[in-house]
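Okay, here's what each chain looks like letter by letter:
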Amino acid sequence: MSDLPLIQADRAVPPPATTTSTGGRRRRLRLLSRTDRVVITLMVLVPLLLVTGFVWLPAAATVLLSGTNWDGIGPLDEIEFVGARNYSDVVNIYPPFVPAVQHNLLWLAALFVVATPFGMFLAVLLDKELRGSRFYQTALYLPVVLSLALIGFVWQLLYSRDQGLINAVFGTSIDWYGDSNVNIWAVMVASGWRHVGYIMLLYLAGLKGVDPSLREAAAVDGASESRAFFRVVFPVMRPINIIVLVVTVIESLRAFDLVWVVNKGRNGLELISALVTQNVVGEASRIGFGSALATIMLVVSLVFITIYLATVMRENRE
Amino acid sequence: MSRPQSQAEYLARLVPPSVAGINRRSLLAGAAGTGALLGTGLLAGCGDDSGSGGSSKDVSLGSNQSDPKPKDVLVKVTDGFKTSSGVQVAVNTVDHNTFQENINNYLQGKPDDVFTWFAGYRMRFFAQKGLASDISDVWGKLSGYSDAFKKASTGDDGKQYFVPATYYPWAVFYRKSVWQQYGYQVPKTITEFTDLGARMKKDGLIPIAFADKDGWPAMGTFDILNLRINGYQFHIDLMAGKEAWTSDKVKKVFDTWAGLLPLHQPDSLGRTWQEAAQSLQQKKSGMYLLGLFVGQQFSNEEQSDLDFFTFPEIDPAIGAKALDAPIDGYMMARKPKNEDNARKLLEYFGGKDAADITVKNDPATLVANTSADVSGYTALQKKAAELVGSATEIAQFLDRDTRPDFASTVIIPALQQFIKNPKDIGGLTSSIENQKKSIFTD
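Definitions and cut-offs
- Residues numbered from 1 in each chain as written.
- Chains lettered and ligands numbered in written order.
- Predicted model: local features only at pLDDT ≥ 70, side-chain atom pairs only at ≥ 80, totals over all residues.
- Helix = DSSP H or I, 4+ residues; strand = E, 2+ residues; numbered from the N terminus.
- Buried ≥ 20, exposed ≤ 12 C-beta atoms within 10 Å, placed from the backbone.
- Contact = placed C-beta atoms within 7 Å.
- UniProt positions renumbered as here; feature names shortened; annotations may be inferred.
- Axes fitted to C-alpha atoms, helices over the stretch in contact; angles between N-to-C directions.
- Parallel < 35°, antiparallel > 145°, perpendicular 65-115°, else oblique.
- Left-handed = near helix turned anticlockwise from the far one by under 90°.
- Nonpolar A, V, L, I, M, F, W, Y, C, P; charged D, E, K, R; others polar.

Caption draft 1: Region of the structure containing the overall build of chain A. Looking only at helices and strands, one finds 16 helices and zero strands in chain A. A principal-axis box enclosing the C-alpha atoms of chain A has dimensions of 70 × 65 × 30 Å. When the 318 residues of chain A are sorted by exposure, 35% land in the buried category. Taking the intrachain contacts of chain A between residues at least 6 apart in sequence as the baseline, contacts between residues at least 24 apart amount to 65%.

Caption draft 2: Region of the structure containing the UniProt feature "transmembrane region" (unreviewed entry) in chain A. Under the UniProt annotation, "transmembrane region" (unreviewed entry) lies at residues 38-57, 105-126, 138-158, 184-207, 228-250 and 287-310 of chain A. When the span residues 138-158 of chain A is considered, its composition is 90% helix and 0% strand, and the gap between its end C-alpha atoms is 22 Å.

Caption draft 3: Examining the environment of B:D307 more closely. Residue and element names in this part refer to chain B. Tracing the sequence through the fold places D307 in strand β8 (residues 306-309). For D307, a count of 18 C-beta atoms within 10 Å corresponds to the partly exposed category. In sequence terms D307 and G291 are 16 residues apart; their C-alpha atoms lie 12 Å from each other. The residues touching D307, leaving out its near neighbours within four places in the chain, are Y174 and K176.

Caption draft 4: Broad picture of the packing of helix α8 (residues 148-159) of chain A against helix α10 (residues 183-208) of chain A. Residues and elements named next belong to chain A. For the pair α8 and α10, the least separation of the axes is 10 Å and the interaxial angle reads 125 degrees. Taken together, the axes of α8 and α10 lie oblique to each other. Seen from above, α8 lies across α10 with right-handed handedness. Across the interface between the two elements, L148, I151, W155 and Y159 of α8 pack against A186, A190 and R194 of α10. By residue class, the composition of the contact of α8 with α10 is six nonpolar, no polar and one charged.

Caption draft 5: Expanded view of the packing of helix α4 (residues 34-65) of chain A against helix α16 (residues 287-317) of chain A. Residues and elements named next belong to chain A. Their axes nearest at 7 Å, the elements α4 and α16 cross at an angle of 120 degrees. Between α4 and α16, the crossing angle belongs to the class labelled oblique. For α4 against α16, the interelement crossing comes out left-handed. Counted together, A59, T62, V63 and L65 of α4 and I287, G288, S291, A294, T295 and L298 of α16 form the full contact between these two elements. Among the residues forming the contact of α4 with α16, the class breakdown is six nonpolar, four polar and no charged.

The structure is reproduced here in structure tokens:
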């Protein structure tokens with residue numbers, strides 16, 4: 001999971017190689033041996049089939065099902081189409097929907113404004129080779145190794161109103177997970193705890209890759225440390241910045257595990273992903289209605305994916 | 001450190017040293033292995049047992065009894081069946097919640113011949129959809145069941161589809177020692193009940209322990225208030241989508257509940273029922289409306305200190321005789337591979353022998369068959385059996401009495417919303433009604 005953006009970025013590399021050389025394509029093909037051609041065909045075909053079968057077809061099916069009121073029981077030919085009713089129901093009479101959208105946006109904002117910059121800040125600090133930086137690095141990265149579901153359990157021990165550590169230590173009786181005004185923040189702290197470590201590591205790895213001579217040059221020119229970072233190091237790190245940005249967006253869109261463990265995404269912890277799961281998975285089987293929610297989520301994700309791809313492609317063209 | 005020449009090289013450097021030791025392929029292989037393990041585990045649990053399913057000496061049973069105690073009891077019961085009939089039962093046990101959540105796929109795929117399930121709307125729904133078999137002939141051979149249980153096992157077409165095995169009532173539980181200490185009396189009417197709550201508050205107790213983090217415990221409160229205020233038939237019709245949630249009758253339920261909320265433990269939405277039960281166990285709360293399973297949070301020595309009363313009367317014309325008592329039992333799949341053995345097994349499950357084995361081995365539940373030897377019951381079990389025996393009508397609990405999608409995606413958020421803001425009853429009920437109309441379409 002944590003190396004997902006790396007793989008994506010890896011995949012983003014090969015296409016320009018094939019697309020930029022359209023001019024000499026015929027000659028190039030003839031130069032290839034038969035084995036080469038078979039290998040190339042297979043290498044294109046197999047991923048294509050996998051992506052179509054496991055990504056595009058299910059996505060298309062979801063969009064299709066969102067126009068039905070299927071309950072998951074009975075043969076497919078009994079499915080009844082209801083047009084856009086599911087969508088109008090989602091928007092008009094489904095109370096958790098609006099909070100869910102708000103919470104997703106809040107999640108994105110909190111990760112983007114607080115957790116991500118803090119993780120980058122820690123990376124810069126650790127890059128200074130402080131004493132025991134290995135220890136800090138490990139300590140901060142540790143939460144990333146834990147699954148979000150596990151993190152939900154761990155924080156439950158701190159947050160529980162009657163038996164939790166926080167209320168016991170401070171003598172308060174705040175209902176951290178139950179009060180709908182508080183719980184989204186409590187959960188975001190738990191989620192940020194993990195996100196900070198993740199960003200820290202990504203960024204630290206990036207910082208290690210920055211040519212030290214750049215910094216030396218900046219120092220020789222009399223730039224202060226912070227100025228050198230913002231004017232020299234930060235722009236050089238552009239690719240990693242984009243990765244960090246994308247990771248943040250992905251993390252906030254797929255935020256799910258934590259709220260699911262806490263209270264199945266209800267009562268102040270509504271997220272679109274949790275609503276989709278509540279409706280589709282399990283005994284409820286409101287497949288049509290849940291698919292409508294999933295389609296909305298797909299559209300939102302597509303916006304971010306398009307922005308990302310556009311940026312990456314422009315970069316490659318330059 | 002030199003500058004990377006390409007983006008790929010650059011990215012390759014990002015792999016932390018702690019991960020670099022493991023290359024991606026071995027990681028993937030590991031993931032695939034785990035996936036395969038999980039997959040086969042689930043399949044083995046849910047699917048049919050084709051290796052042993054073919055022989056006429058076998059029958060398969062899909063079980064949701066995944067907790068050690070009930071699982072052990074089931075093994076003893078199936079052993080009893082093997083001794084009496086010579087037929088081997090292959091039990092496929094699946095985690096309780098997983099079983100419930102996958103039930104649609106399970107029944108439409110290749111289910112076991114016999115499977116564990118609950119009485120109620122969902123049972124009738126499967127019967128109507130043809131996902132379960134008519135077992136009226138088995139009922140012809142069963143004895144020892146009250147009419148209430150037979151009614152609870154009957155589908156919409158008047159045939160039986162379900163064999164009840166065990167049940168437990170919902171009631172108001174309390175600790176005898178606490179009540180003796182303060183001299184409390186069991187309330188008979190809602191006025192006495194609220195007066196008692198006020199006294200408990202004065203004595204420094206939380207009158208009613210309450211928790212609704214998981215969403216379902218508050219359904220118990222709604223059920224009992226609706227049963228007391230509007231009666232059983234209205235409750236069942238409301239659950240079946242035939243009555244309007246915007247009616248004054250439903251509003252009165254919420255009004256009454258709003259009046260009782262100050263007596264309930266505050267901040268209930270962050271609390272699990274276990275924590276609420278512990279507040280009763282620690283003598284911080286005076287009473288708790290829950291199922292008989294509340295006893296799980298009490299030690300063995302404390303069991304005898306636990307007592308209960310049924311929720312008091314609100315409307316004298318309705319009385320206080322109806323209650324929630326969810327029934328667990330068995331059903332037969334639509335096309336069982338060994339139909340004869342499946343029917344035999346169901347007959348055994350419904351018979352006295354199976355009930356006797358259950359009584360001997362499980363103190364946390366009550367057996368549905370009245371001909372069973374119940375001398376092994378604890379005092380609490382005896383009282384619970386009497387309570388249910390005297391009930392005029394038995395409801396199954398909200399999420400078993402209505403469509404599961406309605407219960408989980410509409411009622412749970414709505415009740416939590418009500419607990420948060422008990423004032424806007426009009427807005428709440430019309431929101432429920434709008435969603436109900438969209439869900440109950442056929």
